[in-house]
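Chain by chain, the residues:
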Amino acid sequence: MQEFISRNREALAVVLYGASSVASLLLALTVDNHGVVALGAVWQPVLVLLALRLVTHRLYRLTTSRWRFVGIADVLRLVYSTSVATAVFAALNATGVLGVELAWTVVGLEWVLSIFMTSGLWITYRSLFEHFRRGAEGVGIGLARRTIIIGAGEAGNLLAREIIRTEPGMTLVGFLDDDPHKAGTYVQGLRVFGRIDDLTRILKEYALQRVIIAIPSLGTEGFRRIVQACESSDVEYRVLPGI
């Protein structure tokens with residue numbers, strides 16, 4: 001299956017983007033017409049919108065994007081592409097070229113639905129890919145090492161995201177950070193328990209097996225405190241190197 005998807009990625013993207021655009025317009029029409037849509041009367045607007053969307057998605061390179069790596073830049077390109085196609089579609093609708101005049105609420109609602117539905121496709125694909133990948137690379141039940149990250153900043157956030165996505169051998173429990181404003185907040189869905197001085201207590205309370213230090217600017221004194229806490233609790237530690 002994975003090989004088939006890899007070989008036909010662009011064709012599948014075109015089909016799914018097309019289906020998303022058609023579905024978003026029909027849904028917008030359904031909402032605007034209180035659940036009643038005469039398909040025979042709207043086939044021309046559907047085909048026009050479908051063509052516009054596929055053209056703009058191609059121009060904005062959405063048909064060749066890798067869905068498992070989608071990010072903010074891809075979402076912005078999706079918004080730009082969808083907006084351009086909708087603007088042209090709205091102009092055609094205003095001039096009567098579509099054969100039937102659609103309400104402006106339909107055009108606007110379709111724009112919103114198309115963005116959300118396409119984003120939903122990306123999120124669903126990425127979630128399923130990561131789920132099955134972790135399952136294929138998984139370790140035995142109970143063998144994943146319970147881990148805490150020291151540092152809830154940018155480095156810690158990126159590290160946590162990659163561990164959650166690709167590392168079945170570790171179970172992240174949370175974070176520690178000396179910034180008092182971060183205590184009690186959540187990063188990647190994981191709690192920042194408190195300060196580094198709480199490490200010894202957290203190690204015992206949560207039966208941790210590994211500590212990863214993800215603070216590039218950590219000084220010698222801070223590093224010494226972490227090492228002492230880990231050695232006294234017989235817990236291994238790792239240091240995330242800088243770029």
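Data block above holds the structure.
Please read these numbers as outputs of a predicted model, since none were measured by experiment.

Rules used in this analysis
Residues numbered from 1 in each chain as written. Predicted model: local features only at pLDDT ≥ 70, side-chain atom pairs only at ≥ 80, totals over all residues. Heavy atoms only, no water. Core = buried A, V, L, I, M, F, W, Y, C linked by side-chain atoms within 4.5 Å. Buried < 20%, exposed > 50% of the residue type's maximum accessible area, 1.4 Å probe, protein only. Helix = DSSP H or I, 4+ residues; strand = E, 2+ residues; numbered from the N terminus. Contact = heavy atoms within 4.5 Å. Expected span 1.5 Å × (residues − 1). Pairing = 2+ DSSP bridges. Axes fitted to C-alpha atoms, helices over the stretch in contact; angles between N-to-C directions. Salt bridge = Lys/Arg side-chain N within 4 Å of Asp/Glu carboxyl O.

Student: How should I be thinking about the nonpolar core in this particular structure?
Tutor: Side chains of nonpolar character tend, in soluble globular proteins, to be buried together. I148, I150, L176, L199, V211 and I226 are the most contacted members of the largest nonpolar core, which has 16 residues in total. Broken down by secondary-structure element, the contributors of at least two residues to this core are β1 (145-150), β2 (170-176), α7 (199-205), β5 (210-213) and α8 (220-232). Sequence-distant contacts of I150, that is, excluding residues within four places in its chain, are made with L176, I196, L199, V211, I212, I213, A214, I215 and I226. The next biggest cluster of nonpolar side chains, apart from the first, holds 15 residues, and it includes V42, L49, A90 and L113.

Student: Can you walk me through helix α4 (residues 72-95) in this structure?
Tutor: Within an α-helix, residues lying three or four positions from one another point in the same direction, as the helix has 3.6 residues per turn. The first and last C-alpha atoms of α4 sit 35 Å apart over 24 residues, in line with the 34 Å expected at 1.5 Å per residue. For α4, the complete set of buried residues consists of D74, R77, L78, S81, T82, A85, T86, F89, A90 and N93. Phi for G96, located one or two positions after α4, is positive at around 80 degrees.

Student: Just to check I follow, could you spell out the sheet that holds strand β6 (residues 236-239) for this structure?
Tutor: Picture the strands of a sheet paired through backbone hydrogen bonds; they go either parallel or antiparallel. Taking strand neighbours across the sheet as the criterion, the six strands line up as β3-β4-β2-β1-β5-β6 in an open arrangement whose pairing is mixed. Of all strands in the sheet, those with a lone pairing partner are β3 (186-187) and β6, marking the two edges. Packed onto the sheet, helix α6 (residues 154-166) meets β1, β2, β3, β4 (190-194) and β5 and runs at close to 160 degrees relative to β2.

Student: Could you clarify how one ought to interpret the pattern of salt bridges in this entry?
Tutor: Think of it this way: side chains of opposite charge can pair up when their charged atoms draw near. Inspection of every chain in the model, using the stated rule, returns 12 salt bridges. A salt bridge links K182 to D177; the shortest N-O distance between them is 3.7 Å. A relative accessible area of 23% places K182 in the partly exposed class. Between E236 and R238 there is a salt bridge, and its shortest N-O distance comes to 3.5 Å. Its relative accessible area of 24% is what places E236 among the partly exposed residues. Residue R238 is classed as partly exposed on the basis of its relative accessible area, which comes to 45%.

Student: Sorry if this is basic, but what is going on with unusual backbone geometry here?
Tutor: Trans peptide bonds make up the majority, and among non-glycine residues the majority have a negative phi. Although it is not a glycine, A207 sits at a positive phi angle of roughly 50 degrees. Here A207 lies in the loop between α7 and β5. A positive phi angle is found at D234, which is not glycine, with a value near 55 degrees. Topologically, D234 is positioned in the loop between α8 and β6.

Student: Is there a simple way to explain the pairing of β2 in this structure?
Tutor: Put simply, side chains in a regular strand alternate between the two faces of the sheet. Of all the seven residues making up β2, six are buried; the element is thus mostly covered by neighbouring parts of the structure. Inspection of the sheet shows β1 paired to β2 by six bridges, in the parallel sense. Paired with I149 across the bridge in β2 is F175. Relative to β4, β2 is paired through two bridges, and the arrangement is parallel. Bridged to F175 within β4 is V192.

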